Number of protein chains: 4
Amino acid sequence: MARRYDPERRTRIIDAALRVIAADGIAGLSHRTVAAEADVPLGSTTYHFGSLDELLTAALRRSNENFARALRDSEAFAAQPAECAARPAGGGPGVEDGAGAGGGPGALLADQLTQVLEEWFAGDRGAIELEYELYLAALRRPVLRPVAAEWAESAVETLSTRTDPATARALVALLEGVCLQVLLTGSAFDADYTREMLARVVDGRA
Amino acid sequence: MARRYDPERRTRIIDAALRVIAADGIAGLSHRTVAAEADVPLGSTTYHFGSLDELLTAALRRSNENFARALRDSEAFAAQPAECAARPAGGGPGVEDGAGAGGGPGALLADQLTQVLEEWFAGDRGAIELEYELYLAALRRPVLRPVAAEWAESAVETLSTRTDPATARALVALLEGVCLQVLLTGSAFDADYTREMLARVVDGRA
Amino acid sequence: MARRYDPERRTRIIDAALRVIAADGIAGLSHRTVAAEADVPLGSTTYHFGSLDELLTAALRRSNENFARALRDSEAFAAQPAECAARPAGGGPGVEDGAGAGGGPGALLADQLTQVLEEWFAGDRGAIELEYELYLAALRRPVLRPVAAEWAESAVETLSTRTDPATARALVALLEGVCLQVLLTGSAFDADYTREMLARVVDGRA
Amino acid sequence: MARRYDPERRTRIIDAALRVIAADGIAGLSHRTVAAEADVPLGSTTYHFGSLDELLTAALRRSNENFARALRDSEAFAAQPAECAARPAGGGPGVEDGAGAGGGPGALLADQLTQVLEEWFAGDRGAIELEYELYLAALRRPVLRPVAAEWAESAVETLSTRTDPATARALVALLEGVCLQVLLTGSAFDADYTREMLARVVDGRA
DNA sequence: AATGAATGAGCATTCATTCAT
DNA sequence: TATGAATGAATGCTCATTCAT
């Protein structure tokens, strides 16, 4: 096996880990499974990642990056309030100032966030589960907490461009709670309800 | 070993499972560890629970019961339903004497819920982690979802005695999101912020 | 592989362990090597011995028993002083009161012990190394110390039938020191010197 | 990492090896552990020492030097050679003022040796175990035997300045046997008994 | 009905060594 | 000359499960 000099190997192992976790969960992640998925020798995974926790940490970090990029690229969220207001009526379906929420000033943001979630749930369900599973793993793995905290921080920061930080934090918490209920109980995502509740949080600002 | 006729064995095994999970997480749960913790022969655990999933389901159900009882017994929450009932239907803005939140009608409920959480976080951290770990396990274990759904349902029902069902559901989601942030990122529980955001959800009712 | 119901399996594993250690040293002892040597499945060794230390302890104990039996069966040592004295001159070669040692009263015991060592060194060298290696392993493995202490105790007791306990202990120490020098430096066993020094210890009694 | 031209590296690696062995035993010695302890690249250890046996040999040699220096520096033993030299050749029973042993001529030497041991056991127990473990390793590693033999030889030579060579050899054997019993069985060092038995060996000279 | 001996698969991890630089 | 990336073998150990009793 002449595979020396593979500078991307570390990266490929992380990607393989994400695929393994997506398929079988963190419980299915082992040096062996990830080595097989990445098509590298077993020793290579232990060489690059001294422990599974280390690999898990790297995987969570990558997952965060993936999500951040996805959010940044999301059309629904990218829209700026000013532009929106300026947009002529008859525009896109979701952004027209209060589809459901009573028309308070928070309607636009609430609507956009709801749309992001809608897109997210409409896409590959495995991807959401993957990201949540990694994120939730921090509950029992203290080494993951700093990375989980980074993620939460970054989500709050992103929303802070549209509202005050405390409200942003609450929006993230509510979104997470809503997602969790959908994912854990197998119930359907209810866009109207979500939009309404997000709007309450935004509009409740003193 | 003359332990025949032990009608409580099933129960003792479940309790042992909860202790094992509290100590080492679900990953540490095995027929062996639970048998040792319950001081029961190895074969006994496989006899009473055909698979670990079965045991896990029973454990989650018990955990839910424990939490429900704790909530029912909580002084903070058990409070003023009587007053509420006594209040004239369709009356004014409700209970205005909320401690903390600016005086919106949701102040009292928000305050009580915040207090419940405060008590919860002040107590044994292991207990919270245990309950959350079991609940979150439903993400990857479909067999647990019905039980997780039961739990969510029951929480919503409990809150529905104080507000409308949709708002109750959102309160549960927000509470879960807040708890998750505390547990996953290791940050401190912020009572004022929690109270304020809960109140926004309650008071936002159309 | 239908090998259920093998009540002697534990014993066979210990015997196999002794053979493995004799051949490759404690460093060569592993669950795998011992399983192969005993012709049992790998899992069988870990089932019967929860850890290698446990297996090692059992092996040292067995080794001690083997040695004790060998000593008991040794003709050289079995001879009783009274009988010896009563025996007509021209008897066996080594027991005649002071072959080398100056004729002090300790000559007989010293001579017999020397003969035991001589027999021992003349036999299978691997057996001695095996026993010493197991015994010396207690230096770094506290769990072995009680067993090593048992062995030392038993050796002292055996010699105490022929002299006072303190002297017996010193004889054992001297014998061990002499053996060690032979085994560690590769030098030859010097019977005359050994006899002489043992006699000094015995005869030095106040 | 600009650590070229490091003439002391070999030495530092050996010192690190001694620390590793002191901490985790020979079983804990590996190229990796010693490289980490010496703060040296992994490749450096395999470069300077072709095999672990080579490193082990060097470590045993250094350990011997350390012990020899310690013995030389010991006040207890460094004692009265002058008096000895001053004593008329072929004189009477030697140094009779032995502290403890009944006054035989060997009393002084026995007393001094006992004191050396007492000091040794009073000091860092890890150091003794380290030295013994390395020394005893020769049992199973023929390459170490010459070095172990050097050590024994040197100890005998040192004692030979105070008594005849055969007696010196026996004293070393007895001392080793006594130490071994203490180290292997975890029993306490008994100075009176040791002094008495050493004296018997010295005084037994024909 | 209940148990514990038995087993093969799998695990994380450590390792000596090789080799291209 | 010196190094660290790389790798295949081996380690101790845990496990769910089977099955004869």
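No experiment lies behind these values; they were computed from the predicted model shown. (Residues numbered from 1 in each chain as written. Chains lettered and ligands numbered in written order. Predicted model: local features only at pLDDT ≥ 70, side-chain atom pairs only at ≥ 80, totals over all residues. Heavy atoms only, no water.)

Draft legend 1. Structural context of the overall build of chain A. Along the backbone of chain A there are eleven helices and zero strands. The N-to-C order of helical and strand elements in chain A reads α-α-α-α-α-α-α-α-α-α-α. Here chain A, with 206 residues, has 50% of them falling under the buried criterion. The contacts in chain A between residues at least 6 apart in sequence include a share of 65% that link residues at least 24 apart. Working note: accessible area of chain A is about 9600 Å², and carbon and sulfur atoms make up 53% of it. (Helix = DSSP H or I, 4+ residues; strand = E, 2+ residues; numbered from the N terminus. Buried < 20%, exposed > 50% of the residue type's maximum accessible area, 1.4 Å probe, protein only. Contact = heavy atoms within 4.5 Å. Areas by Shrake-Rupley, 256 points an atom, 1.4 Å probe, with all protein chains shown as cover.)

Draft legend 2. Seen up close, unusual backbone geometry. A positive phi angle, close to 55°, is found at B:Asp39, a residue other than glycine. Looking at the secondary structure, you find B:Asp39 in the loop between helix 2 (31–38) and helix 3 (42–48).

Draft legend 3. Just the environment of C:Ala17, in detail. All names here are of chain C. Within the element layout of this structure, Ala17 appears in helix 1 (residues 9–24). Using a relative accessible area of 0% as the deciding quantity, one classes Ala17 as buried. Note: C-alpha distance between Ala17 and Ser74 (57 residues apart in sequence) is 25 Å. Residues in contact with Ala17, not counting those within four places in the same chain, are Leu29, Val34 and Leu55.

Draft legend 4. Here's a closer look at the interface of chain C and chain D. At the junction of the two partners, chain C supplies 41 residues and chain D supplies 41 residues. Here chain C packs against chain D, burying approximately 3500 Å² in sum over the two surfaces, 60% of which is carbon and sulfur. Three residues stand out in chain C for area buried against chain D, namely C:Leu139, C:Arg140 and C:Leu184, and they jointly supply 22% of the buried area on that side. Where chain C packs against chain D, one counts eight salt bridges. A salt bridge links D:Glu133 to C:Arg140, with the shortest nitrogen-to-oxygen separation between them at 2.6 Å. (Buried area = accessible area lost by both parts, 1.4 Å probe. Salt bridge = Lys/Arg side-chain N within 4 Å of Asp/Glu carboxyl O.)

Draft legend 5. Layout of the environment of C:Phe49. All names here are of chain C. Within the secondary structure, Phe49 sits in the loop between helix 3 (42–48) and helix 4 (52–73). Between the C-alpha atom of Phe49 and that of His31, which follows or precedes it by 18 residues, the distance is 9.3 Å. Among all residues touching Phe49, those that are not within four sequence positions of it are Arg10, Ile13, Ile14, His31, Glu54, Leu55 and Ala58.

Draft legend 6. Representation of the relation of the copies chain A and chain B in the model. Of the two same-sequence chains, chain A is brought onto chain B (RMSD 0.1 Å, axial shift 0.1 Å) by a rotation of 180°. Expressed as an axis order, the relation between the two copies is that of a two-fold axis. Interface overlap between copies is the fraction of interface residues in one copy that are interface residues in the other; for chain A against chain B it reaches 100%, indicating a shared surface. (Least-squares fit on C-alpha atoms with pLDDT ≥ 70 in both.)

Draft legend 7. Molecular detail of helix 10 (residues 165–185) of chain D. Between its first and last C-alpha atoms helix 10 of chain D spans 30 Å; for 21 residues at 1.5 Å apiece the expected length is 30 Å, and the two agree. Immediately beyond the C-terminal end of helix 10 of chain D, within one or two residues, lies D:Gly186, with a positive phi of roughly 75°. (Expected span 1.5 Å × (residues − 1).)

Draft legend 8. Structural view of the packing of aromatic side chains. By the definition in use, this model includes 28 aromatic pairs over all chains. Between A:Trp120 and A:Tyr132, the aromatic rings sit 6.0 Å apart at their centres with planes inclined by 40°, giving tilted as the arrangement. Of this pair, A:Trp120 sits in helix 7 (residues 107–122) while A:Tyr132 sits in helix 8 (residues 125–136), and the two are twelve residues apart along the sequence. You'll find A:Trp120 and A:Tyr132 in the same group, each marked buried. With 4.7 Å between their ring centres and 80° between their planes, C:Phe67 and C:Trp151 make a pair best called edge-to-face. Here C:Phe67 is found in helix 4, whereas its partner C:Trp151 is found in helix 9 (residues 145–160), with 84 residues between them in sequence. Both residues of the pair, C:Phe67 and C:Trp151, belong to the buried class. (Phe/Tyr/Trp six-rings, centres within 6.5 Å; stacked < 30°, edge-to-face > 60°.)

So, to be careful, I would describe these as geometric facts and stop short of saying anything about function.
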